[in-house]
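Fold and geometry: a report
So the chains spell out like this:
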Amino acid sequence: RIPRPPAARALPLSSSPISSAMLLILLSILFLSPSSAELAVIGAGWGRTGTMSLKVALDKLGYKTYHMVEVIERNPHHKAMWTEASRRHVKGEPVGEILSKILENYTAAVDFPVAAWWRELSELNPRAKLILSVREPERWYESASQTILPDPWLLRMLDTLSDVHDPVLPVPDAFWDRVLGEGRRNNITREEIIEEFNKNVREFRDFKLPDEQKLELKVGKDGWAPLCKFLELGDKCPTEPFPRVNDRTDFKYKIILPIVIRAVTTSKILLSVVLLGLASVLYALRCLTRKMLRRREKEE
């Protein structure tokens, strides 16, 4: 019978250098590391410069990307947080804490409202890379003036009458106040807002960051190559066409139509008006049909 070797006696945790190191690493992960994901990419380009296509592209590259659509579809409670950030900014109060809270579960962020705060976000995430999605200013204005720029007074009226208020409508006020100045959204000329658009581009170019942390991108025209090179992806760049989504028609169907439907279907007042109108139309058609039948009978 072969004798078994004596069992190895376990060292106390404190006397094992390897175990002690592992314990320190574990404690640092649990208590010292931030619970949120750090932003790796920040978008400085205004809405209607291809930001939705850029979001889709970044998602394909493995990032979890924040965009206005995240407020609409997944995080309606962020509406109040963005509005609060704007209020604090106007009063000269720090906004870093609330911005970090909004974006704590994301690794990239583009489009408004983020694009209104790219400077502050860069300071909060000094290792993050900045991307400015660019577009010819005149064409940008043509698109923005039909989508994100006008004050949606009709939608506000519908929302006021609705029993279930839309969580997104106040958000544009917050980011336009940040980039244009408080209350200027409805009192600004075409030339003035184009100048503000160009000013954002100039400030991005002058922003104190190394060149390897800044990229100007013509979304949809430049393709994948400059983006993949900027993000140091090597040969992991997709071969499929660069995403192209959210044109003006898509915007109206995704943003405006749901608000109208929600207002009509949840408001007792609006629903009553719609039903009354429908009933009136049906009654008028019925009367017209009877009148035509009587005339035909007389002619026969």
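The structure under discussion appears in the preceding block.
Below: a short report on this structure. Per chain, residue numbering runs from 1 following the sequence as it is written. Residue-level local features of this predicted model are given only where pLDDT is at least 70; pairs of side-chain atoms are given and counted only at 80 or more, and the full residue set underlies all totals for whole chains, interfaces and linings. In computing side-chain values, all of the structure's heavy atoms are included and hydrogens and water are not.

This next bit is on the pattern of salt bridges. The salt bridge definition used is simple: a Lys or Arg side-chain nitrogen within 4 Å of an Asp or Glu carboxyl oxygen. Per the stated rule, a full pass over the model turns up 20 salt bridges. The closest approach of N and O atoms between arginine 119 and glutamate 203, which form a salt bridge, is 2.5 Å. One end of the pair, arginine 119, is in helix 6 (residues 118-124); the other, glutamate 203, is in helix 10 (residues 190-206), with 84 residues separating them in the sequence. Here arginine 178 and glutamate 120 are joined by a salt bridge, their closest N and O atoms 2.6 Å apart. Here glutamate 120 lies in helix 6 and arginine 178 lies in helix 9 (residues 170-180), a separation of 58 residues in the sequence. As far as the burial class goes, arginine 178 and glutamate 120 line up, both buried. Through salt bridges with shared partners, one network takes in Lys55, Asp59, Glu70, Glu73 and Arg74. A helix here means a DSSP run of H or I that spans at least four residues, while a strand means a run of E at least two residues long, and both kinds are numbered starting from the N terminus. Categorising residues by exposure relies on relative accessible area from a 1.4 Å probe, with only protein chains included: less than 20% of the type maximum marks a residue as buried, more than 50% marks it as exposed, and the intermediate range marks it as partly exposed.

Attention now goes to empty space enclosed by the protein. Only protein atoms enter the 1 Å grid, on which a cavity is a set of points fitting a 1.4 Å probe that cannot get out and a pocket is an open set with protein on both sides within 12 Å along at least 5 of 7 lines, lining residues being those with an atom within 4 Å of a point. Grid points are joined across faces, edges and corners, and a volume is the space filled by probe spheres set on the points. Counting across every chain of the model gives 1 cavity of 30 Å³ or more. Considered as a void within the structure, the largest cavity measures approximately 30 Å³ in volume. Forming the walls of the largest cavity are Ala44, Gly45, Trp46, Leu132, Ser133, Phe197, Asn200 and Val201. At the level of elements, strand 4 (129-133) and helix 10 are the ones that each hand at least two residues to the lining of the largest cavity. The element contributing the most residues to the lining of the largest cavity is helix 10, with 3 residues.

To continue, consider the packing of aromatic side chains. Each Phe, Tyr or Trp ring (for Trp, its six-membered ring) is paired with any other whose centre lies within 6.5 Å, and the angle between the two planes then decides the class: stacked below 30 degrees, edge-to-face above 60, tilted in between. Evaluated as defined, the whole model comprises 13 aromatic pairs. Note on tryptophan 46 and phenylalanine 112: the rings are 5.8 Å apart at their centroids and 45 degrees apart in plane angle, and the pair reads as tilted. Residue tryptophan 46 is located in the loop between strand 1 (41-43) and helix 2 (51-60), and its partner phenylalanine 112 is located in the loop between strand 3 (108-109) and helix 6; the two are separated by 66 residues in the primary sequence. Consider the rings of tryptophan 118 and phenylalanine 207, whose centres lie 5.0 Å apart with planes at 75 degrees: the pair is edge-to-face. Of this pair, tryptophan 118 sits in helix 6 while phenylalanine 207 sits in the loop between helix 10 and strand 5 (214-217), and the two are 89 residues apart along the sequence. Here the two residues tryptophan 118 and phenylalanine 207 agree in accessibility, since each one is buried.

Let us now look at helix 4 (residues 78-90). One fewer than the residue count of a helix, multiplied by 1.5 Å, yields its expected span. Look at helix 4: 19 Å from first C-alpha to last across 13 residues, which is about the 18 Å you get at 1.5 Å a residue. Buried within helix 4 we find His78, Met81, Trp82, Ala85 and Ser86. The arc that holds the buried residues of helix 4, viewed along the axis, is 140 degrees, so those residues lie on one side. Glycine 92 occupies a position one or two residues after helix 4 and carries a positive phi of about 80 degrees. Arc definition: directions from the helix axis to the C-beta atoms.

Now for the nonpolar core. In this description, a nonpolar core means a group of buried Ala, Val, Leu, Ile, Met, Phe, Trp, Tyr and Cys residues linked to one another through side-chain atoms lying within 4.5 Å. In this structure, Trp46, Tyr66, Phe112 and Trp176 are the most contacted members of the largest nonpolar core, which totals 47 residues. Of all the secondary-structure elements, those providing two or more residues to this core are helix 3 (68-73), helix 4, helix 5 (96-102), helix 6, strand 4, helix 7 (137-144), helix 9 and helix 10. Here phenylalanine 112 is in contact with Trp46, Gly47, Met68, Ile148, Phe175, Trp176 and Val179, once residues within four sequence places are set aside. Residues Leu54, Tyr63, Ile131 and Val219 belong to the second largest nonpolar core, which totals 19 residues. Throughout, a residue-residue contact means that at least one pair of heavy atoms, one from each residue, lies within 4.5 Å.

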